[in-house]
Amino acid sequence: MFKFEDLSRWFEPFLRSVWSAAVALFERHPARIGVSAVFLFAAVITGKLYVDRTRQYQEIVSTTIRAEGEGAPQRFRVLEAFLMAAVDAKLSKRVGDAIISDEFSRRLEGMHKVLSEPAPLAKFAGGIAPPNQERGVRFSIPGYIPEDLNYVESPMSLRLQNAVVTDNEDIGILFFPANLLRTPLESDYWRIFHESQKKGYSRTLAAAVAKDPIIADDIAISGKLLPVMQSFTSVRLFKEDEGLEQLRAELRPAQVYYITKNGVNRTVNNTDAREQQVVYRNIFRPTTFFPSRPYYVEAFKNFTPATLAGITGPAKNSFYVSQPYLDIGGFGVVITLARPISYKSHSEGAICFDLLVNHENYVAFRLKERLMSFGATPQEVACRIGFRGEISCGPSGVDIDLKNTLRKHIERSMKTGDLSTVVSNISILDDRPRREDIAQTSFLDFFKYPVEIIFGHNTRPITFAIPLTAPRAPSGKNELEAQFMITSLNLERFQQITSLLGLVSVSSLALAFFVVFLSWRGEMRTLRSYEEAFKTVDGLLYGAPTPYCRLSARDTVVDCNTAFCGMLKMPADGESVKLIKGRTFESLVAPRSKTIYHDVQQRRRAGEEVAPYTLYFTRVGDSDVEAQVTSGVIPGRTPRELPETFGIVIPAPNFPP
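All values reported here derive from a predicted model rather than from experimental measurement. (Residues numbered from 1 in each chain as written. Predicted model: local features only at pLDDT ≥ 70, side-chain atom pairs only at ≥ 80, totals over all residues. Heavy atoms only, no water.)

A. A look at the sheet that holds strand β15 (residues 548-551). Taken together, five strands build an open sheet; the order of strands is β16-β15-β19-β18-β17 and the sheet is antiparallel. Pairing within the sheet leaves two strands with one partner each, and these edge strands are β16 (557-560) and β17 (613-617). Averaged over neighbouring strand pairs, the angle between their axes works out to 30 degrees when direction is ignored. Sheet topology note: the β15/strand β19 (residues 644-651) ladder contains four bridges and is antiparallel. Within the sheet, the bridge partner assigned to C549 lies in β19 and is G647. (Pairing = 2+ DSSP bridges. Helix = DSSP H or I, 4+ residues; strand = E, 2+ residues; numbered from the N terminus. Axes fitted to C-alpha atoms, helices over the stretch in contact; angles between N-to-C directions.)

Following this line, the structure appears as structure tokens:
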């Protein structure tokens, strides 16, 4: 049966030799050990960097692959997953486990009471507005849609795609794509357009809406919900905030919206009413169909539509809690709580609450931290978007090329009628292709590729912009201000540098061991030379008449001749030599001479010369014999080690004069 002691016994001589060689290298050749230490230190440092960067890369790949992002229609899903990995993956679960506050429950009861009654329909325009007030529905055309000749002469279907039905409520905004109205509007488009521009409302559009009673009711009841919807923006949603530190202070929703299955959306936040109208009017694509949004779909998948009465306990029992995602309304990273609702007097729909995941710029800080850890240099840029005017981005210290690229990207999105793709979502600003296609490689690339890796010529960086905050419309002006983080990320270069660090670490470690190995080989070669030389001496003196003995560094007899055996009254033959080998020399010395022998050993350890000295040896079956010992040393592996010795032993009567 194998035992650990057997393994230890096999390796002990080898390990002892290696240790002795290492100590000898340190004490005899400090320059060599210094060089080896430098290489070893470099190997440890670069190795740690390699391991850290490899783990970092593996972690981001793993979290990106496993990211349970919301199914938002983001064009760059993998990049979004990479960035959303900066947000705590378990935040949505903690939101779902949070207990709904009493005030939140009471406000939901208030909304329940409104939805439990049919919306009162006035005679004017199907109840969209009382006849004595200049209020009501109208067209809203985004400010960046040009009114040039091409637009005027464009097909009516295209013009309707750019029109949104809204109203003049003091708070929030109504959003309903005009092309979703089941009443034809093509023949009345220009009349509605001009009425909306001049009066701020359109009787023609109101009459058309009244012909679609389902949509009319959706608009009316959503308007009646506005006061209670607005009140939610000052209500704390949960009783406790433990584990929810990443959310907006006091856990109040950033925006509240009511969506019907027919596409009507009423949205409210806690900013200035005029500012809300400017922002929402220009931020949403005019063809956006909100019931197709993931949180709306998932809410109906996970819950049976019900009323808003008696909602208490954990949020997950009553609401679908989304994963963090970039809000189409430009509020940055949000978590949406959505509940499907059903009232017999109205269309089915959903009430939604957005919680802002950006307490004290948490997201911006984590994004910067993550991007910088991968070698990127994120910069914050503020852009002023003046509709039908200039677009300016600052501050002046930001890379001018990146600013200009972002500005042109905003201009292109305005021309295509999709400003939200820039101010609300991730935008790729530059994704330059490789300088050479890998399929066109040649034999020379075998020599060029290592150089390209060192200098990073064959990598492909990607430059993108991320919205940091919701767009603003200062003082209600018809212009937006948006803040972005722009950066150029080169994960390929990050991986290349990581590989180079690994190569440097392995090379440094190999060099460190190579120096030690060469020194060890030198020490072993020297020892073997001594061994070979003294084996020859042992052979020559085996039958000599003068007693001879050779000792190891541990004071054991390595070899002796037959004359030495005879001096000890042992048979002068090979068997006696075998019996003596392995015994300590001290065990052959008589007790009265051991003090002298110990003194000699100390002097040898100190490197002092030892003159011939007299010892008494114990003989077999006889009295001690006095002898003079004349010895020489084989240098020890370290200065403090007892050296090996050899010498002749002359009995007293034969002492030289």
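B. Representation of the state of the cysteines. All chains considered together, the criterion is met by one disulfide. With its sulfur 2.1 Å from that of its partner, C383 forms a disulfide with C393. Taking the sign of the torsion about the S-S bond as the criterion, the disulfide between C383 and C393, at about 105 degrees, is right-handed. Of this pair, C383 sits in strand β10 (residues 379-386) while C393 is found in strand β11 (residues 391-394), placing the two residues ten residues apart along the sequence. For the pair formed by C383 and C393, the shared burial category is buried. Free of any disulfide, C549 has its nearest neighbouring cysteine sulfur in C560, separated by 5.7 Å. For C549, a relative accessible area of 4% translates into the label buried. No disulfide involves C560; its sulfur sits 4.2 Å from the nearest other cysteine sulfur, which is in C565. (Disulfide = S-S within 2.5 Å. Buried < 20%, exposed > 50% of the residue type's maximum accessible area, 1.4 Å probe, protein only.)

C. Representation of the environment of R384 in the model. Structurally, the position occupied by R384 is in strand β10. Separated by 23 residues in sequence, R384 and R407 have C-alpha atoms that sit 9.6 Å apart.

D. Summary view of the packing of aromatic side chains. Applying the stated criterion across every chain yields a total of 18 aromatic pairs. Between Y189 and W190, the aromatic rings sit 5.2 Å apart at their centres with planes inclined by 80 degrees, giving edge-to-face as the arrangement. A residue is classified by how much of its surface remains accessible, and W190, at 29% relative accessible area, is partly exposed. Between F232 and F353, the ring centres sit 4.9 Å apart and the planes meet at 70 degrees, which makes this aromatic pair edge-to-face. On the criterion of sequence distance, the pair formed by F232 in helix α11 (residues 226-232) and F353 in strand β9 (residues 349-356) is long-range, its members being 121 residues apart. Grouping residues by exposure puts F232 and F353 together as buried. (Phe/Tyr/Trp six-rings, centres within 6.5 Å; stacked < 30°, edge-to-face > 60°.)

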